[in-house]
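# Inside the fold
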Amino acid sequence: MNRLVEKPSRKWSALRADFPVLRQKVHGHPLVYFDNAATSQKPRMVIDALRHYYEHDNSNVHRGIHELSNRATAAYEGARSRVAQFIHAREPAEIVFTRGTTEGINLVAHSWGTEHLKPGDRILLTQMEHHSNLVPWQLLAQRTGAQLLYLPITGRDGLLDLSQLDSYLTQGTKVLAMTHISNTLGTVNPVAEICGRARELGVTTLIDAAQSAGHLCLDVQAIGCDFLAFSGHKLCGPTGIGVLYGRRERLEAMPPYQTGGDMIASVDYDHSTWNQLPHKFEAGTPHIAGAIGLHAAMDYLDAIGRNDIFKHDQELAGYAYDRLSSMKGIQVLGPSTGRAGLVSFLMESVHAHDLVTVADQFGLALRGGHHCNQPLMKLLGIEATARASFYFYNTKVEVDRLVDVLGEIRKLFGS
Amino acid sequence: MFGELSELYQEVILDHSRQPRNFRVLDGANHQAQGANPLCGDQLTLYVDLAGEVVRDISFKGAGCAIAKASASLMTTSLKGKTRAEARALAARFRELVLAGKSDFSNSDKLAAFAGVHKFPARVKCAMLAWRTLEAALTESPERVSTE
Ligand SMILES: Cc1ncc(COP(=O)(O)O)c(C=O)c1O
């Protein structure tokens, strides 16, 4: 594991001061927040942006001619441009605001999928997909008569078996939807390589970037995907706002998803025409404050530097992996090197929910269960795992605390 | 150990979770039901041998957390020889205990060990799983029980 040298540790713990929520005790112990893969905490700057908007500029967008509406529209569209820049889209029109990753994937499965798939076509996912990148495709397969396939993983080390990629991408496969980073295994998938191959074979691609967007530099053109979805709340932004990126040609060839106000060009009693991109996909009043908060979150992350954030994540995860896997009776899932900022693990004869309940009493926020990955868990023959997931405000001292608490848990359950 | 945690993981509970009693398939069972907490991955099968109205024997199999296992284990040890009506009455009292912390169990009753569960709302369904499955097993047309 290549460790990062000296520099950041002081800087990283200083960033904690930006997060009001981290300054508290839980059950009498300083909070150690290790549930970042579920949602990240929010810095003061994001909270202030929301507040500023509601206190000064609150109005509806794209409709009013008055000053506040102009400001709200400018701020909302400014956020869209910022997202385009954040992920290197060609233009803001390729950015659709959604409620989150889940809604973005549903939009594509409905709108693109229903239009483009026919009986016998194949939809390719991987065995490590989150339910939100699985169930929408399952339903699409049922609606269209298409067939679902899963690119296998190699085992508990959680790597995709790329030797089989070509055979899965051919023979009628129309779309590949896959996660960038696994929220259970911590695997970082080589999405650019895979999308490149898919493109050569004429397969449309969607990347679930829920776990990666706030942790590393994303470049949709370098990845070469057709669609990419993520959630604001996992990258220091508010809940209820997310992003769907789609290449213009793709978005243009798709029918609307939801219909109503804002997404139309003209409406007659018997006929309507659609607004231009991206508004065609944004029916109704959007989450304006959410987009503004997301803008602030992206500024905040880029001031820190996403390359450094990813290095820090990887260093913490590597450290946690080493410490946990050297403990007796602990098994860590996922790759031993190059993992993203999380560790999922099993403790012999202690159920994940008991572990997480006890950890909570020590002020540690972990996650226990199947992490919305039920098929994967069944495949691995596991009921539930405990998971610690990190962000830039977490420290090695906190990982040490986790190790100590796991020792206490072991004592309590006496095994 | 400290405070609320030791109230939750009482020695009796830890004991029964490590070595669950009546943990087997019951060949002579004439009633059977399955229960699951889908979000947790807990699942159990309950086997009941009813002789008329009386529980002649009862057992379970399955996987789950310490609270779910201990609850199922202690339930089976508490129900042998009870009538169907008595079993239902006990289930109702147990429910009050884990939901509201209201205990009319004597201290010598091992089920009283679950009094601490109500302080951990997320774990109530673990303690209730076996008992809800029992309700299904005691009815004439048992179905799969899900507590979520
Ligand atoms: C890999 C992955 N995909 C999708 C999602 C769904 O994100 P959201 O619930 O914000 O729509 C998550 C979040 O848990 C995730 O980890």
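All values reported here derive from a predicted model rather than from experimental measurement.

With that settled, consider the overall build of chain B. Across its full length, chain B holds five helices and four strands. Relative to a compact globule of 148 residues, whose C-alpha radius of gyration would be 15 Å, chain B shows 14 Å and is just as compact. By its C-alpha atoms, chain B is 45 × 30 × 25 Å across when sized along the principal axes. Scored against the burial criterion, the 148 residues of chain B give a buried share of 43%. Of the contacts made within chain B by residues no fewer than 6 positions apart, 60% connect residues no fewer than 24 positions apart.

Here the focus is the environment of histidine 351 of chain A. Checked against the element boundaries, histidine 351 of chain A lands in the loop between strand 14 (342-347) and helix 12 (352-361). You can call histidine 351 of chain A buried: it has 27 C-beta atoms within 10 Å. In this structure, the C-alpha to C-alpha distance between histidine 351 of chain A and glutamate 115 of chain A, residues 236 residues apart in sequence, is 45 Å. Ignoring any residue separated from it by four or fewer positions in sequence, one finds histidine 351 of chain A in contact with Ala384 of chain A together with Gly64, Cys65 and Ala66 of chain B.

Our focus in this paragraph is the interface of chain A and chain B. The interface is formed by twelve residues belonging to chain A together with 15 residues belonging to chain B. Breaking the side of chain A that touches chain B down by element, the ones donating at least two residues are helix 12 and helix 14 (396-413) of chain A. Top contributing element to the side of chain A that touches chain B by residue count: helix 12 of chain A, with five residues. Across the side of chain A that touches chain B, the residue classes tally to four nonpolar, six polar and two charged.

Right, let's talk about the pairing of strand 7 (residues 173-179) of chain A for a bit. Residues and elements named next belong to chain A. Among the seven residues in strand 7, six count as buried, and that is most of the element. Examined bridge by bridge, strand 7 and strand 8 (residues 204-208) share five bridges and lie parallel to one another. Note that in strand 8 the partner of valine 175 across the bridge is threonine 204. Chirality of the crossover, the property in question, places the unit of strand 7, helix 7 (residues 191-200) and strand 8 among those that are right-handed.

Right, let's talk about the site of the ligand for a bit. Taken together, 14 residues sit near the ligand, with Gly100, Thr102, Asn183, Ala210 and Ser231 of chain A positioned nearest. Grouping the amino acids of the shell around the ligand by side-chain chemistry returns three nonpolar, ten polar and one charged.

Before going further, it helps to examine unusual backbone geometry. For the peptide bond that leads from leucine 277 of chain A to proline 278 of chain A, omega is -5°, which places it in the cis range. Position of proline 278 of chain A relative to the elements: it lies in the loop between strand 12 (271-274) and helix 10 (288-304). One non-glycine residue with positive phi stands out, namely serine 349 of chain A, at about 55°. Here serine 349 of chain A shows up in the loop between strand 14 and helix 12. The backbone of asparagine 22 of chain B sits at a positive phi, close to 50°, despite the residue not being glycine. Considering the arrangement of structural elements, one finds asparagine 22 of chain B in the loop between helix 2 (11-18) and strand 1 (31-37). Judged by C-beta crowding, with 20 C-beta atoms within 10 Å, asparagine 22 of chain B ranks as buried.

This brings us to the domain arrangement of chain A. Residues and elements named next belong to chain A. When cut into domains, chain A gives domain 1 (8-42 + 306-413) and domain 2 (47-302). Here the C-alpha centre of domain 2 lies 28 Å away from the C-alpha centre of domain 1. Residue-level contacts link 27 residues of domain 1 with 29 residues of domain 2. Elements supplying a minimum of two residues to the side of domain 1 that touches domain 2: helix 11 (306-325), strand 14 and helix 13 (374-380). Here the element with the most residues in the side of domain 1 that touches domain 2 is helix 11; it accounts for six residues. The residue inventory of the side of domain 1 that touches domain 2, partitioned by class, reads 13 nonpolar, ten polar and four charged.

Once that is clear, we can look at the sheet that holds strand 7 of chain A. As a general point, the strands of a sheet are linked pairwise by backbone hydrogen bonds and lie either parallel or antiparallel. Residues and elements named next belong to chain A. Spatial ordering of the open sheet is given by 4-10-9-8-7-5-6, a layout of seven strands whose pairing is mixed. Since the sheet does not close on itself, it has two edges, and those belong to strand 4 (95-98) and strand 6 (147-151), each with one partner. Averaged over all adjacent pairs, the angle separating strand axes in this sheet is 20°, with direction ignored. Both strand 5 (residues 122-126) and strand 7 contribute to a ladder of three bridges, which runs parallel. Within strand 7, the position partnered with isoleucine 123 by the bridge is valine 175.

Residues and elements named next belong to chain A. In this structure, isoleucine 123 sits in strand 5. Among the residues examined, isoleucine 123 registers 22 C-beta atoms within 10 Å and is labelled buried. Separated by 49 residues in sequence, isoleucine 123 and alanine 74 have C-alpha atoms that sit 39 Å apart. Beyond its immediate chain neighbours, meaning those up to four positions away, isoleucine 123 contacts Trp137, Leu140, Ala141, Ala146, Leu148, Leu149, Lys174 and Val175.

The next subject is the sheet that holds strand 17 (residues 385-389) of chain A. All names here are of chain A. One open sheet accounts for four strands, arranged 13-14-17-16; its pairing is antiparallel. The outermost strands of the open sheet, each flanked by one partner alone, are strand 13 (330-332) and strand 16 (367-369). For this sheet the average axis-to-axis angle between neighbouring strands, irrespective of direction, equals 30°. Set on the sheet, helix 11 makes contact with strand 13, strand 14 and strand 17; between it and strand 14 the angle comes to about 15°. The strands that helix 12 touches are strand 14, strand 16 and strand 17; relative to strand 16, the one it contacts most, it runs at about 160°.

In a regular helix each residue adds 1.5 Å, so 17 residues correspond to 24 Å; helix 4 (residues 84-100) of chain B covers 24 Å between its end C-alpha atoms and thus fits that length. Just beyond helix 4 of chain B, the residue with positive phi is glycine 101 of chain B, at close to 75°.

Residues and elements named next belong to chain A. Taken together, the buried positions of helix 5 (residues 135-144) are occupied by Pro136, Trp137, Leu140 and Ala141. Buried residues of helix 5, seen end-on, are gathered within an arc of 140° and therefore sit on one face of the element. Where helix 5 is buried, its residues meet helix 4 (101-116), strand 5, strand 6 and strand 7. One or two residues past the end of helix 5 sits glycine 145, with phi positive at roughly 80°.

All names here are of chain B. Where helix 3 (residues 66-79) meets helix 5 (residues 124-138), the axes come as close as 6 Å, and the angle between the chain directions of the two elements is 40°. Between helix 3 and helix 5, the interaxial angle falls into the category oblique. Handedness of the helix 3/helix 5 crossing: right-handed. Taken together, the residues of helix 5 that come into contact with helix 3 (itself represented by Ile67, Ala68, Ser71, Ala72 and Met75) are Cys126, Ala127, Leu129, Ala130, Trp131 and Leu134. Class assignment of the residues belonging to the contact of helix 3 with helix 5 gives a composition of ten nonpolar, one polar and no charged.

Rules used throughout
- Residues numbered from 1 in each chain as written.
- Chains lettered and ligands numbered in written order.
- Predicted model: local features only at pLDDT ≥ 70, side-chain atom pairs only at ≥ 80, totals over all residues.
- Helix = DSSP H or I, 4+ residues; strand = E, 2+ residues; numbered from the N terminus.
- Rg over C-alpha atoms; globule rule 2.2 N^0.38 Å.
- Buried ≥ 20, exposed ≤ 12 C-beta atoms within 10 Å, placed from the backbone.
- Contact = placed C-beta atoms within 7 Å.
- Nonpolar A, V, L, I, M, F, W, Y, C, P; charged D, E, K, R; others polar.
- Pairing = 2+ DSSP bridges.
- Right-handed = clockwise from strand over helix to strand, strands pointing away.
- Near = placed C-beta within 6 Å.
- Domains from an automatic or database assignment.
- Axes fitted to C-alpha atoms, helices over the stretch in contact; angles between N-to-C directions.
- Expected span 1.5 Å × (residues − 1).
- Arc of directions from axis to C-beta.
- Parallel < 35°, antiparallel > 145°, perpendicular 65-115°, else oblique.
- Left-handed = near helix turned anticlockwise from the far one by under 90°.

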